[in-house]
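Notes for the structure review
Read off the chains here:
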Amino acid sequence: MRILLIEDEKYIASAVAERLKKDRCAVDLALDGDYGLDCALTGIYDVVILDVMLPKKDGFAVLKELRAGGVTTPVILLTAKSEVADRVRGLNLGADDYLVKPFHMDELLARVRALSRRPPEFHQGGALACGDIELDPRALTLRRGTSAAALTPKEAQILEVLVARRETAVSKDAIIEKVWGYDVDAEDNNVEKHVSSLRKKLARIGSETSIHTVRGAGYRLIAGARQCNSES
Ligand code: CA
């Protein structure tokens, strides 16, 4: 397994790197955000461990630019802040997991292993057509004819899950598991917030495709107008 560690605190960086190497990982270390982003953009890593407070470019900016660059490598954010707002911000920007400092090394290792085991479920093909909409998970766009809306990475992933299981109810737990992955206590209303935003965007592009709330069961995507198929 090849891991990129972006961390400016040298004692933490060397302790984490040592431990990962014992676990038979190849570890590259970046001591600032600029260099870390350059390394991460190569896309060659299995997991990126990213500190939030960094010189030159902070972890949020690195993450944002990494995802904007189309790199989907799983990212674990290391944060000294335990505020929910920071956690949510990181997850919204496309982090897969986070750890609050100080963390236990075994916990970090467990999360690295869990993320590297995750199959690449997202961003595999081109655009997905469903009813009257077309979702491009890589470009983070939602289209209906010539109308388009930009999506956040999480909105695109949630919509992708709903499109894959269209016309059937998908529970919030299943969405959290698919989109946020291993053991992240993403609150339910977090999913609600993204779904609410997706509904607004569907309405904005004039789509008849809608996300129905199914009482006690989650959400169901109902395709509007044209039938679902894999061709656009
Ligand atoms: Ca730091």
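Residues numbered from 1 in each chain as written. Predicted model: local features only at pLDDT ≥ 70, side-chain atom pairs only at ≥ 80, totals over all residues. Heavy atoms only, no water.

1. Things to note about the sheet that holds strand E2 (residues 26–30)
Strand order in the open sheet made by the 5 strands is E2-E1-E3-E4-E5, with parallel pairing throughout. The outermost strands of the open sheet, each flanked by one partner alone, are E2 and strand E5 (97–100). Direction aside, the axes of adjacent strands within the sheet are offset by 20 degrees on average. Here strand E3 (residues 47–51) runs beside strand E4 (residues 75–79); their pairing, made up of 4 bridges, is parallel. The residue of E4 that forms the bridge with Asp51 is Leu78. (Pairing = 2+ DSSP bridges. Helix = DSSP H or I, 4+ residues; strand = E, 2+ residues; numbered from the N terminus. Axes fitted to C-alpha atoms, helices over the stretch in contact; angles between N-to-C directions.)

2. Some points on the coordination of the calcium ion
Only Asp8 (OD), Glu9 (OE), Asp51 (OD) and Met53 (O) from the protein coordinate the calcium ion, and they sit 2.1 to 2.6 Å from it. Sequence spacing of the donor residues for the calcium ion, all on one chain, is D-E-x41-D-x1-M. You can see Asp8 sitting in the loop between strand E1 (2–6) and helix H1 (10–22) and its partner Asp51 sitting in strand E3, a full 43 residues away along the chain. A relative accessible area of 26% places Asp8 in the partly exposed class. In this structure Asp51 comes out as buried when scored by relative accessible area, which is 2%. (Donors = N, O, S within 2.8 Å, 3.2 Å for Na, K, Ca; no water. Buried < 20%, exposed > 50% of the residue type's maximum accessible area, 1.4 Å probe, protein only.)

3. Remarks on the sheet that holds strand E6 (residues 128–130)
Spatial strand order, E6-E7-E8-E9: 4 strands in an open sheet with antiparallel pairing. Of all strands in the sheet, those with a lone pairing partner are E6 and strand E9 (147–150), marking the two edges. Averaged over all adjacent pairs, the angle separating strand axes in this sheet is 20 degrees, with direction ignored. Pairing of E6 with strand E7 (residues 133–136) involves 3 bridges; the strand directions are antiparallel. From the neighbouring strand, Cys130 faces E7, where its bridge partner is Ile133.

4. Re the nonpolar core
Membership of the largest hydrophobic core comes to 28 residues, with the highest contact counts inside it found for Ile158, Leu159, Leu162, Ile175 and Ile211. Within the residue set of this core, elements represented by two or more residues are E7, helix H6 (153–164), helix H7 (172–179), helix H8 (188–204) and strand E11 (218–222). If near-sequence neighbours (up to four positions away) are discounted, Leu162 is found in contact with Val170, Ile175, Ile211, Tyr219 and Leu221. Formed by 21 residues, the second largest nonpolar core is a distinct cluster that contains Tyr45, Leu63, Val75 and Leu93. (Core = buried A, V, L, I, M, F, W, Y, C linked by side-chain atoms within 4.5 Å. Contact = heavy atoms within 4.5 Å.)

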